[in-house]
Amino acid sequence: MKETKQLVVSAIQNGTVIDHVPARNLFKVIQILGLDHIENQITFGTNLESKKLGKKAIIKISDRFFEDDDINRIALVAPQAKLNIIRDYEVVEKKVVEVPDQITGIAKCMNPKCITNFENVVTRFRVVSKKNVALKCHYCEKITNQENLQIK
Ligand code: CTP
Ligand code: ZN
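Residues numbered from 1 in each chain as written. Chains lettered and ligands numbered in written order. Predicted model: local features only at pLDDT ≥ 70, side-chain atom pairs only at ≥ 80, totals over all residues. Heavy atoms only, no water.

### Let's talk about the sheet that holds strand S7 (residues 124-129)
Then, in step 1: Strand order in the open sheet formed by four strands is S6-S7-S8-S9, and the pairing between neighbours is antiparallel. On the outer flanks of this sheet lie strand S6 (102-104) and strand S9 (143-145), each paired with one strand and no other. Each neighbouring strand pair of the sheet contributes to a mean axis angle of 35°, computed without reference to strand direction.
Then, in step 2: Examined bridge by bridge, S6 and S7 share three bridges and lie antiparallel to one another. Residue pairing across strands places Thr104 opposite Arg124, the latter belonging to S7. (Pairing = 2+ DSSP bridges. Helix = DSSP H or I, 4+ residues; strand = E, 2+ residues; numbered from the N terminus. Axes fitted to C-alpha atoms, helices over the stretch in contact; angles between N-to-C directions.)

### Details of the pattern of salt bridges
Here the idea is simple: oppositely charged side chains can pair when their charged atoms come close.
Then, in step 1: As enumerated under the stated definition, the model contains four salt bridges in all.
Then, in step 2: Between Lys55 and Glu49 there is a salt bridge whose closest N-O contact spans 3.4 Å.
Then, in step 3: Accessibility expressed as a relative area gives 40% for Lys55, which makes it partly exposed.
Then, in step 4: Classification of Glu49 by relative accessible area gives partly exposed; the value is 39%.
Then, in step 5: Among the salt bridges present, the one from Lys95 reaches Asp68, with a minimum N-O distance of 2.9 Å. In this pair, Lys95 is assigned in strand S5 (residues 90-96) and Asp68 in helix H2 (residues 68-72), connecting sequence segments 27 residues apart.
Then, in step 6: Residue Asp68 is classed as partly exposed on the basis of its relative accessible area of 43%. (Salt bridge = Lys/Arg side-chain N within 4 Å of Asp/Glu carboxyl O. Buried < 20%, exposed > 50% of the residue type's maximum accessible area, 1.4 Å probe, protein only.)

### As for the site of ligand 1
Then, in step 1: Close to ligand 1 lie Ala11, Ile12, Val17, Asp19, His20, Ile58, Lys60, Asn84, Ile86, Tyr89, Val91 and Lys94, which account for all nearby residues.
Then, in step 2: Note that a nitrogen atom of ligand 1 is positioned 2.8 Å from one of the backbone N or O atoms of Ile12.
Then, in step 3: At 2.7 Å, a side-chain N or O of Lys60 approaches an oxygen atom of ligand 1.
Then, in step 4: Expressed as a share of its isolated accessible area of 590 Å², the protein-covered part of ligand 1 is 57%.
Then, in step 5: Among the elements of the structure, strand S1 (15-22), strand S3 (54-62), strand S4 (82-87) and S5 are those that each provide at least two residues to the shell around ligand 1.
Then, in step 6: The leading source of residues in the shell around ligand 1 is S1, at three residues.
Then, in step 7: A breakdown of the residues in the shell around ligand 1 according to their chemical character gives seven nonpolar, two polar and three charged. (Near = heavy atom within 4 Å. Polar contact = N/O pair within 3.5 Å; in protein donor to acceptor, adjacent residues only side chain to side chain. Areas by Shrake-Rupley, 256 points an atom, 1.4 Å probe, with all protein chains shown as cover. Nonpolar A, V, L, I, M, F, W, Y, C, P; charged D, E, K, R; others polar.)

Shown next, in the form of structure tokens:
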């Protein structure tokens, strides 16, 4: 029998719990939300068992509540993420992320010849598939898909 590793992450009093993050994308989510630059207390667990995702991660950010537009940026790497808004230890709201129609400045274009890869130009994509995440570059029209997705 396989041994399963589980981290237990304790409850928070106020803040945001981001659940159902694919474990392999935990650090991308941290990067996209800029969690490495804030002073709030953050706890996370990773490689937790999940029927849906295989291995999942969970992130708990105390005293921080995100705008929907900010949260939707993580849809690229965590399309099944579920947010729980916590006030006074109670879950007062649950939200799911939505893949936006346009993505500005998060992802890298996979085309090495694209202008965004050798000049200081902010990337811009149209989301051509929300399910599997496929991004069409505004500049070179090449498609960057989930497997090739790199966060800037
Ligand atoms: N949570 C927390 N601190 C609290 C309350 C809840 O960190 N004070 C976390 C729980 O650990 C859980 C998530 O918020 O990961 C959602 O809590 P809850 O709705 O109680 O759990 P479930 O019913 O398991 O939610 P779901 O099935 O929707 O994932
Ligand atoms: Zn491009």
